[in-house]
Amino acid sequence: MPHPPTEHSSAPLLTVTADTLVAADFAPRRRPTTAPRKGRGELRDQPRRTRTRRRTTAPTSYRALFQKPGTLRFTAGNLIARLPMGMFSVSAILMIAASRDSYALAGAVVATGLAATALVAPWTARLVDRHGQARIAVPATALASLGNLSLIACSHWNAPDWTLFASYAATATVPNTGGMSRARWAHLLKDDPAALHTANSFEQAADELCFMLGPVIAAFLCTTLFPEAGTLVGCVLCMTGVLVFAAQRTTEPPPTGRTTARSPLRSPGIPPLLAVFLAIGAVFGSLEVVTIAYADARGHAPAAGVILGLQAAGSCAAGLAYGALRVTGPAERRFRRCLAAMAALMTLPWLSATTTGSLPLLAPALLLAGMATAPTMVTAMSLVQHRTPEGQLNEGMTLAVTGLLGGIAGGSALGGWVAEHTPGTGTAGFAVPVAAATSALLIASARRPTAHTTVR
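In short, a report on the structure. Everything numeric here is computed off the predicted structure, so don't read it as measured data. (Residues numbered from 1 in each chain as written. Predicted model: local features only at pLDDT ≥ 70, side-chain atom pairs only at ≥ 80, totals over all residues. Heavy atoms only, no water.)

## Thoughts on a nonpolar patch on the surface
For step 1, the next point in the chain: Taken together, the side chains of Leu143, Leu146, Leu149, Leu225, Phe226 and Leu232 define a hydrophobic patch exposed on the protein surface, amounting to about 560 Å² of accessible area.
For step 2, the next point in the chain: Of all the elements, helix H5 (residues 133-156) adds the most residues to the nonpolar patch, at three residues.
For step 3, the next point in the chain: Relative to the helices and strands, Phe226 resides in the loop between helix H8 (193-224) and helix H9 (229-247).
For step 4, the next point in the chain: Its relative accessible area of 39% is what places Phe226 among the partly exposed residues. (Patch = residues over 30% accessible without salt bridge, like charges linked within 9 Å, V, L, I, M, F, W, Y side chains within 5 Å. Areas by Shrake-Rupley, 256 points an atom, 1.4 Å probe, with all protein chains shown as cover. Salt bridge = Lys/Arg side-chain N within 4 Å of Asp/Glu carboxyl O. Helix = DSSP H or I, 4+ residues; strand = E, 2+ residues; numbered from the N terminus. Buried < 20%, exposed > 50% of the residue type's maximum accessible area, 1.4 Å probe, protein only.)

## A few points about the pattern of salt bridges
For step 1, the next point in the chain: Under the counting rule described, the total for this entry stands at five salt bridges.
For step 2, the next point in the chain: Across the pair Arg82 and Glu203 runs a salt bridge, and its minimum N-O distance is 2.4 Å. Placement of the pair is Arg82 in helix H2 (residues 71-82) and Glu203 in helix H8, with a sequence separation of 121 residues. There is no split in this pair, since Arg82 and Glu203 are both buried.
For step 3, the next point in the chain: Sharing partners across several salt bridges, the network here consists of Arg82, Arg182, Glu203 and Asp207.

## Here's the deal with the side chain of Ser286
For step 1, the next point in the chain: Along the chain, Ser286 turns up in helix H10 (residues 270-297).
For step 2, the next point in the chain: Take Ser286: its relative accessible area is 0%, and that puts it in the buried class.
For step 3, the next point in the chain: Side-chain polar atoms of Ser286 contact the backbone oxygen of Ala282, separated by 2.6 Å.
For step 4, the next point in the chain: Residues in contact with Ser286, not counting those within four places in the same chain, are Gly411, Ser412, Gly415, Val432 and Pro433. (Polar contact = N/O pair within 3.5 Å; in protein donor to acceptor, adjacent residues only side chain to side chain. Contact = heavy atoms within 4.5 Å.)

## Observations concerning the nonpolar core
For step 1, the next point in the chain: In this structure, Phe277, Ile280, Phe335, Leu339 and Met346 are the most contacted members of the largest nonpolar core, which totals 45 residues.
For step 2, the next point in the chain: Residue assignment for this core shows that the elements contributing at least two residues are H10, helix H11 (303-323), helix H12 (331-345), helix H14 (359-370), helix H15 (373-387), helix H16 (393-421) and helix H17 (431-446).
For step 3, the next point in the chain: For this core, the element with the highest residue contribution is H10, accounting for 14 residues.
For step 4, the next point in the chain: Those residues in contact with Phe335 that sit more than four places away from it in its chain are Leu273, Val276, Ile280, Thr376, Thr379, Ala380, Leu383 and Ala444.
For step 5, the next point in the chain: By size, the runner-up hydrophobic cluster in this structure holds 18 residues, among which are Ala106, Ala144, Cys235 and Cys238. (Core = buried A, V, L, I, M, F, W, Y, C linked by side-chain atoms within 4.5 Å.)

## Looking at helix H13 (residues 347-355)
For step 1, the next point in the chain: The complete set of buried residues in H13 reads Pro349, Ser352 and Ala353. End-on, the buried residues of H13 take up no more than an arc of 95°, which puts them together on one face.
For step 2, the next point in the chain: Lining the buried residues of H13 we find H10, H12 and H14.
For step 3, the next point in the chain: Phi turns positive one or two residues past the end of H13, at Gly357, with a value near 65°. (Arc of directions from axis to C-beta.)

## Some remarks on unusual backbone geometry
Glycine aside, residues mostly have negative phi, and peptide bonds are mostly found in the trans state.
For step 1, the next point in the chain: A positive phi angle is found at Asn158, which is not glycine, with a value near 55°.
For step 2, the next point in the chain: What makes Asn158 exposed here is its relative accessible area of 53%.

## Details of the state of the cysteines
For step 1, the next point in the chain: Per the counting criterion, the structure on display carries zero disulfides.
For step 2, the next point in the chain: A disulfide-free cysteine, Cys235 has its sulfur positioned 7.6 Å from the sulfur of Cys238, the nearest such atom. (Disulfide = S-S within 2.5 Å.)

Fair warning: the whole summary comes from geometry, so function is off the table for now.
As C-alpha cells, then:
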C-alpha cells in the first residue's frame, strides 16, 4: 500500500487502480505573480475577461460571401427560377396576341394574373414561413406551371377567352423566389450586418439582371421558334430552378409552425414602408410605358427595349458597387438619401426628352437614372428585414413585392394616360416618374424613425 507524501515531497505519487496508472501530484500550486495573494476563494470573485465578436460595418467581398457552404448552390437554383419572372408577362402577351390578334385581350389577361398574384402571394409566403421553403415552394411552383401549361393549351386550340383568364390566374401561386433567397441570407448572416448588406446588394443586382434579360429571351423565343416557346421554356426553367433551390436544405431558415402572430402589415413601420414601395413601383411602371411611347412617337418602337435595358444595366452595376461599399449610419437615413438621389436622377430623362427630343441622348440619361434604383431597393429590403417580426420574413418581403407590383400597375396606367392625352410627342410623360419618386421621398421623410426601428 503506498504511503502518503511528506510535507516536503515534490515527486508525484504513483499508484495503480484496476488497470489504470494514476499519478497524484500533491505539490503546492503557485499563484500568478500578477494577482494579489488573497484568501481562499477570493480570486473566483474577480470577473474573467473574455473575447467577444465585434460587429463591424467593413465591406464584405462577393468572393467571401459565396465561400459559405451551400450558398453557391441555392443561388444558382434561385437565379434559374427567377429568370422566368421577367419572361412570363411578355411571353403571354406575344402568345395571346399571335393566336387572338388582340393586344387588348392579352393585356387584360396579364393584368388579371398580376392582380391575382398580389392577392395570393402573401398567403403563399405565410405558408412558406410556417412550413418551410422546400415543403411549400415545390408544390406551389408545380401548380403555377400547370396554370401556364393550361394557358398554352387554351391559346393554341382557341378555347373561349374566359379560359385564358382562369389559366393565367392559376399561376399566382408561384412563390417569391427572390424573397426566399433573401430570407436565407438573413438567416445565415444575422450576426454579420456588413455581409448581409453585400448579399442584399447582390440579390437586387440579380433582380435587375433577370428582368433585363427575361423580356429579351422571351421575345426571341416567341418570334423565332413558335409563339408558345417563351411560356414553355419559362415553365421548365422555373420548375427546375425551384427544385435545385429547395434541395439545399442546410441553408433553409427553420419553419416557425402555426402561430398566432399578427400579419406583418400590423407591425410598426411596415405600412408606411409599403406606401413607399407603392410609389417606387409607380416610378418603374411609368418609366417603362412613357419610354416606349416616346420611342414609338419617333418611329423607333423596337429601340425602346434596348434603351430600357440600359436603365436596368445601370441599376445592376450600381447594385454591385453599392454592395462593396462600407455603409454607416441608420438605414432610415440612407434610405431617404437614396430616394432623394432617385428623384434627382429621374429628372435627367425628362430634361433630355424636353430639351433635345433625341432618342440616342435619352439612352445615357436612363442609364444614369437607373443607378439610383438598386441602392434604393437594397436599403428598402434591409428595412423590411429588420421591421418584419421574426419568423415572418418571407411574408414581409412578399408584401413589399406586392406593393411594388401595385405601384407598377398604377404607374403604367398613369404614364400611358399622360403620354396619350398631353400635347407634344410624349415628352410630358417623363414627369410622372419624377413625381412618383418625389412622392416616395416625401412619404419616407414624413415619419421619423423610432428607437426600435432604427437599423445600423
